[in-house]
Amino acid sequence: MASTAATATHVGLDVERIRADFPALHQEVHGRPLVYLDNAATTQKPRRVIDTVTHFYEHDCANVHRGVHLLSQRATVAYERARTTIKDHLGAADSREIVFTRGTTEAVNLVASSFVRPRIGPGDEILITGMEHHSNIVPWQLLCEATGAHLKVVPINDEGELELDRYAELLSDRTKIVGVVHVSNALGTVNPVKTMIELAHARSIPVLVDGAQAVPHAAVDVRELDCDFYAFSGHKTYGPTGIGALYGKREHLLEMVPYQGGGDMILSVTFDETIYAEPPHRFEAGTPNIEGAIGLAAALDYLSSLGLDAVAAHEAELLETATEAVLAIPGVRLIGAAEHRAGALSFVMDGIHPHDIGTILDSEGVAIRAGHHCAQPVMQRFGISATVRASFGIYNTMDEIERLVEGLHKVREVFG
Ligand code: 7TS
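Here's what I pulled together on the structure shown here.

1. Points about unusual backbone geometry
Cis geometry is adopted by the peptide bond preceding P280, which originates at P279 and carries an omega value of 5°. Of note, the phi angle at H30 is positive, near 50°, even though the residue is not glycine. Tracing the backbone shows H30 in the loop between strand 1 (28–29) and strand 2 (32–33). When its relative accessible area of 54% is taken as the criterion, H30 is described as exposed. In this structure, D264 is a non-glycine residue whose phi angle is positive, near 75°.

As structure tokens, this is what we get:
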């Protein structure tokens, strides 16, 4: 993964060329050129993705897996080809290990319902970390409520890193699954997921990795990680909203019960008995987000074409520069100073509410996110209610970091 400590061995990204591919970047906000630094919430979309989705609507629009007619065949081929693109992007062995979902949130809920629920009972444990997004907390709480299992949480230190010793101690014979975020959206911390997976596997405990903030920033290889499940969202990786994917090891998917019932997930139905389709279709009930899947594949092709190492290096440079520049402003305190960070910079300013900072920055044309970032336990850990978060993508520039810093100086002027 990228980290602030990454060495600059990359050939570099042609950021001006990349920017030309993103129509939404070329607009003014409150009379200033837009500086978009809210990429952890969602990214802008390149022309290639927009054109791919438009092409589907203009030429191939039909339902999948059910038509003999040509348009339906073309839609089916494109949809299944998109699955192969995702498989290749994640380094999976078999495209049948890729399930299309609405995004990371649905992927976690799917694992909770179809994999963990049948094998968990009262007194069993689910182990997550103190830096999870709500989407990797609440599904497990729902499962605990329904089954009498307990949620255990790995603490984080003052730097915003996981306490690995505590993690090892918390793994127990009762642990039925580990859920861990690869890169924290609230702190930017890159977690040592490979080591965590090894430790869990040593006790035969499966691991689900939330990769929502990892896939946009660096190469991910699920076979190298040896994770059991890996989830991510299309819209944070330059693709459409409402689409994402779950990678699951084939041996697990084959054992899993359906998530939702409906069309497209069956082999045969009578009123007495339904025989389910094989994975992954078993988990894709109903008409899927066909154009979303195709658009996501176009986004991943686009990202790969830039070179994922160059992407990671460019963003590491942006993050390092932004961290130094923002810390030089009086009264700024970083929330999350982990040795390995990627993508996001979270901070607070003495005596000024993050929402006020966000509003003033917006008036200067700079889009950041202020809030709890759907990670309220992280805020509780640091004794705050919110942070300001600047998050970076392939099209951000050093000039934009200057605009952020100028905006923060304006904030200080306004608040005296
Ligand atoms: N996991 C992480 C680490 C995330 O950052 C997010 C979304 C999710 C899961 C959920 O993804 P979804 O696509 O299913 O909604 N994070 C953010 C954010 O940081 N600001 O807005 C959404």
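2. Details of the site of the ligand
Within the structure, the ligand sits among 16 residues, and T105, D210, Q213, R369 and R389 are positioned closest to it. At a separation of 3.4 Å, a nitrogen atom of the ligand approaches a polar side-chain atom of H133. Within the side chain of D210, an N or O atom sits 2.5 Å from a nitrogen atom of the ligand. Here the ligand loses 87% of its free accessible area of 490 Å² to cover by the protein chains.

3. Quick word on the pairing of strand 14 (residues 344–349)
Counting buried residues in strand 14 gives six out of six residues, a clear majority hidden from the surface. As defined by bridge partners, strand 13 (residues 332–334) adjoins strand 14 across three bridges and the pair is classed as antiparallel. Considered in strand 14, the bridge of R333 is made with V348. Where strand 14 and strand 17 (residues 387–391) come together, four bridges link them in antiparallel fashion. Across the sheet, residue S346 finds its bridge partner in strand 17, namely R389.

Conventions we followed
Positions within a chain are numbered from 1, following the residues in the order the chain's sequence is written. At least 70 in pLDDT is required for a residue's local features to be given in this predicted model, at least 80 for side-chain atom pairs to be given and counted, and no such filter applies to totals for whole chains, interfaces and linings, which use all residues. The side-chain quantities take in all heavy atoms of the structure and omit both hydrogens and water. For helices the rule is a DSSP run of H or I covering at least 4 residues; for strands it is a run of E covering at least 2, with both sets numbered from the N terminus onward. A 1.4 Å probe rolled over the protein chains alone gives each residue an accessible area, and that area as a share of the maximum for its type sets the label: buried under 20%, exposed over 50%, partly exposed in between. In this text, near means that some heavy atom of the residue lies within 4 Å of the molecule or strand in question. Any N or O atom pair separated by 3.5 Å or less is treated as a polar contact, with the protein-specific requirement of one donor-capable and one acceptor-capable atom, and with residues adjacent in sequence counted only for side-chain atom pairs. Note on areas: these come from Shrake-Rupley sampling with a 1.4 Å probe, and a residue is covered only by the protein chains present in the view. Pairing between strands is defined by DSSP: at least two bridges between them are needed.

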